[in-house]
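# Coordinate analysis (summary)
If you want the building blocks of each chain, they are given just below.
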Amino acid sequence: MKKTEKKRECEAGAPFWESTPLSGMSRKQWESLCDGCGLCCMEKLEDADTGAVYVTSVACQYLDLESCRCRIYENRTYINDVCVELTPGSISKYRWLPETCAYRRVLAGKPLPSWHPLLCGSAKKMKKAGATACDRAISGESIHPDDLHRFIDYEVPPE
C-alpha cells in the first residue's frame, strides 16, 4: 500500500474497503479485496428469452482447482474471450456474483464475510468455511460447452 493510502486509512480510522469507494481504490487495493474464492470463474449459461442465468458446477478450464487461482490471470481476457473482467463500474450488472463477493458487498455497504482473507490474514478460514469454488467445482477442461446444461448448480433469476 502506498504511504498516502495508509495515511488516508489511518486518518479515517477504518480499513480501505470501508472508507474508499470501489472506484477510488488503487489497483493493489482492488486486487486484495478479491478473496480468491473462484466462484466468478464458474461457467454460466444465460437464457436469452428470460434473462435467467444458470451457474454450473464447472469451473473455467483455466482455474487451478488446487490453488483456486487463474492460471492465465494477467492475460485472461485475451486468451479466454468469455472471461469477464470485473471493474468498479461493472460489478452491479453481474447479478450472478455470489452474495459473499467482497466487491458486491462493499458496493452494497455490507461488511466483508468473517472469513475474508483481509480480516483473517489468509485464505484458510475461507476454505474451512467451504466458500471457494475449488471445494465443489469440476474442471472445465474435459467438459464440452454443449454439455454444460447437465451441470447446472443454481439459477439466478432475472431482475
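Please read all numbers here as calculations on a predicted model, not as lab measurements. (Residues numbered from 1 in each chain as written. Predicted model: local features only at pLDDT ≥ 70, side-chain atom pairs only at ≥ 80, totals over all residues. Heavy atoms only, no water.)

Moving on to the confidence of the model for the protein. Looking at the protein, pLDDT values average 90 and 92% of them are 70 or higher. For the stretch residues 6–10, pLDDT sits under 50, and the model shows eight contacts to residues farther than four places along the chain or on other chains. (pLDDT = per-residue confidence, 0-100. Contact = heavy atoms within 4.5 Å.)

Turning our eyes to something else, we now look at the pattern of salt bridges. In total, this model carries four salt bridges according to the counting rule given. In this structure, the salt-bridge partner of Glu 31 is Arg 27, at a minimum N-O distance of 3.2 Å. Here Glu 31 pairs with Arg 27, and both are found in helix α3 (residues 27–33), just four residues apart, close to one helical turn. Residue Glu 31 is classed as partly exposed on the basis of its relative accessible area of 26%. (Salt bridge = Lys/Arg side-chain N within 4 Å of Asp/Glu carboxyl O. Helix = DSSP H or I, 4+ residues; strand = E, 2+ residues; numbered from the N terminus. Buried < 20%, exposed > 50% of the residue type's maximum accessible area, 1.4 Å probe, protein only.)

One way to see where empty space is left: roll a probe the size of a water molecule over the atoms. Counted according to the given criterion, the structure contains one cavity of 30 Å³ or more. A volume near 30 Å³ is recorded for the largest cavity. Lining the largest cavity are Leu 39, Met 42, Lys 44, Val 55, Trp 96 and Tyr 154. A breakdown of the residues in the lining of the largest cavity according to their chemical character gives five nonpolar, no polar and one charged. (1 Å grid on protein atoms, 1.4 Å probe; cavity = no way out; pocket = protein on both sides within 12 Å on 5 of 7 lines; lining within 4 Å. Points joined across faces, edges and corners; volume = space filled by probe spheres on them. Nonpolar A, V, L, I, M, F, W, Y, C, P; charged D, E, K, R; others polar.)

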